[in-house]
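Commentary on secondary and tertiary structure
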Amino acid sequence: MNHWLRTLPKAELHLHIEGTLEPEQMLELAERNRVSLPYRNVDEVRAAYEFEDLQSFLNLYSQGMTVLHTAEDFHDLARSYFHRAHADGVAHIELSFDPQAHLSRGVEFEAQFEGLNRAMRDAERELGMSSALIMSFLRDQDAEQALDVLERAEPWYERIAAIGLDSAERGNPPEKFRAVFERARALGLPRTAHAGEEGPSAYITSALDTLDVCRIDHGVRCLEDADLVARLRERQTPLTVCPLSNVCLHVVDRLTDHPLPQLLEAGLNVNLNSDDPAYFGGGMMANFSACEQAFGWDRAVFRKLAANAVEAAFMPADRRARLLSDIADC
Ligand code: ADE
Ligand code: ZN
């Protein structure tokens, strides 16, 4: 089954590129850029990967990304992940990035976009992988700052497939960003948002109502509200679920307690993702095989999950048709 899962063409829609920073690369980039970290070696970095909740992870994640300075750093980071994902049978990746976390350290848009775009072009040419970029806003920061960042990104709008909303969820409801998402809509940019990861199901409803999102990132807490489940089912709103992330951040105690089987049973449009693979125990194959172990799903279920991701992806129609046909033939 593991071999077959690897050959299944997969699209990853929920992936924070800063969350792909493996300890080895963190230390290498720290040395390259003379950034001092509180770790002397890979084991010390890994020892810090015991999270109590989303916030404890975000603290480490924010510290790790301080090693990223130049276009070359962003390029090398994304290039490394493209290669690992390719080995996992991933055919398409939508990379989220957090520009505010870099702008606040004096790392300009130019370096971020140039480095990421170069890695995306290389992956297309060298590995035949397609990709898209999602520019995410930090929900624990001011909405005014997010609006300013959106305006400043104007020279790069053509390179952005969508905008997103991430970081500390509780106490930062979607409606805080209504004006930012209205502006993105006016600009013709599609929208997605993290909701219902740690935050309540009401945040999912608000993301649909006030941000007019086309997908929900996580969304696992939707089961708390039957009307919301009915709405998500009717509209077939894609939920980009991240099973191992939810275990590591204690959204669920064990993978066997994860609501994925109930989400599928309810007829919801679910797909599988790794979120922050360097921090949460691995990439797409780790997530797919852990689900196979936990839920005993057969090939038909995994084909459906893979097809759901491709249907929900930002990609040209011919690419979508090709991948759907490859999944059906797999
Ligand atoms: N940023 C990176 N990973 C995240 C997650 N799982 N939830 C919210 N923000 C994030
Ligand atoms: Zn995420």
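Report on the accompanying structure.

Definitions and cut-offs
Residues numbered from 1 in each chain as written. Chains lettered and ligands numbered in written order. Predicted model: local features only at pLDDT ≥ 70, side-chain atom pairs only at ≥ 80, totals over all residues. Heavy atoms only, no water. Phe/Tyr/Trp six-rings, centres within 6.5 Å; stacked < 30°, edge-to-face > 60°. Helix = DSSP H or I, 4+ residues; strand = E, 2+ residues; numbered from the N terminus. Buried < 20%, exposed > 50% of the residue type's maximum accessible area, 1.4 Å probe, protein only. 1 Å grid on protein atoms, 1.4 Å probe; cavity = no way out; pocket = protein on both sides within 12 Å on 5 of 7 lines; lining within 4 Å. Points joined across faces, edges and corners; volume = space filled by probe spheres on them. Nonpolar A, V, L, I, M, F, W, Y, C, P; charged D, E, K, R; others polar. Near = heavy atom within 4 Å. Polar contact = N/O pair within 3.5 Å; in protein donor to acceptor, adjacent residues only side chain to side chain. Areas by Shrake-Rupley, 256 points an atom, 1.4 Å probe, with all protein chains shown as cover. Sits in = over half its atoms within 2 Å of the grid points. Contact = heavy atoms within 4.5 Å. Donors = N, O, S within 2.8 Å, 3.2 Å for Na, K, Ca; no water. Tetrahedral: all angles 85-135°; square planar, octahedral: opposite > 155°, others 65-115°. Salt bridge = Lys/Arg side-chain N within 4 Å of Asp/Glu carboxyl O.

1. Here we look at the packing of aromatic side chains
Applying the stated criterion across every chain yields a total of 15 aromatic pairs. Ring centres 5.3 Å apart and planes at 80 degrees place the aromatic pair Phe97 and Phe113 in the edge-to-face group. With Phe97 in strand 2 (residues 90-97) and Phe113 in helix 7 (residues 109-127), the pair connects residues that are 16 residues apart, well separated along the chain. Judged by relative accessible area, which is 0%, Phe113 ranks as buried. When the centroid spacing of 5.4 Å and the interplanar angle of 40 degrees are considered together, the rings of Phe109 and Trp156 count as tilted. With Phe109 in helix 7 and Trp156 in the loop between helix 8 (143-152) and strand 4 (162-166), the pair connects residues that are 47 residues apart, well separated along the chain. In this pair, the class of Phe109 matches that of Trp156, namely buried.

2. Some words on empty space enclosed by the protein
On inspection of all chains with the given rule, the structure shows two cavities of 30 Å³ or more. If you add up the space inside the largest cavity, you get close to 100 Å³. Surrounding the largest cavity, 16 residues form its lining, His16, Leu54, Phe57, Leu58 and Ser167 being those nearest its centre. Its residues assigned to classes, the lining of the largest cavity shows seven nonpolar, four polar and five charged. Of the pockets and cavities examined, the second largest cavity occupies roughly 40 Å³. Taken together, the elements giving at least two residues each to the lining of the second largest cavity come down to strand 1 (10-16), strand 3 (130-138) and strand 5 (192-195). Looking at the lining of the second largest cavity residue by residue, the classes come out as two nonpolar, six polar and one charged.

3. Observations concerning the site of ligand 1
The local shell around ligand 1 consists of His16, Leu54, Phe57, Leu58, Tyr61, Asp166, Ser167, His194, Glu197, His218, Asp275 and Asp276. With respect to ligand 1, the backbone of Ser167 contributes an N or O atom lying 2.8 Å from a nitrogen atom. The fraction of the free accessible surface of ligand 1 (260 Å²) that becomes covered by protein chains is 99%. The pocket occupied by ligand 1, as judged from atoms lying within 2 Å of grid points, is the largest cavity. Considering only residue class, the shell around ligand 1 consists of four nonpolar, four polar and four charged.

4. Comments concerning helix 2 (residues 23-32)
For helix 2, the full list of buried residues reads Pro23, Gln25, Met26, Leu27, Leu29 and Ala30. Of the surrounding secondary structure, the elements contacted by the buried residues of helix 2 are helix 3 (42-47), helix 4 (54-64) and helix 5 (71-87). Residue Arg34 follows helix 2 closely and has a positive phi angle near 55 degrees.

5. Looking at the coordination of the zinc ion (ligand 2)
For the zinc ion (ligand 2), every protein donor is listed as His14 (NE2), His16 (NE2), His194 (NE2) and Asp275 (OD), and the spread of their distances is 2.0 to 2.2 Å. The site at the zinc ion (ligand 2) holds four donor atoms, and with the angles between them running 83 to 173 degrees, its shape is irregular. All donors to the zinc ion (ligand 2) come from one chain, and their sequence spacing reads H-x1-H-x177-H-x80-D. Taken as a pair, His16 in strand 1 and Asp275 in the loop between strand 8 (270-272) and helix 14 (284-295) lie far apart in primary sequence, 259 residues in all. Each of the two residues, His16 as well as Asp275, counts as buried.

6. A short note on the pattern of salt bridges
A full pass over the atoms with the stated rule returns 20 salt bridges. Where Asp122 meets Arg79, a salt bridge forms, and the shortest distance between an N and an O atom there is 3.9 Å. Of this pair, Asp122 sits in helix 7 while Arg79 sits in helix 5, placing them 43 residues apart in sequence. Within the structure, one salt-bridge network assembled from shared partners comprises Arg32, Glu72, Asp73 and Asp76.

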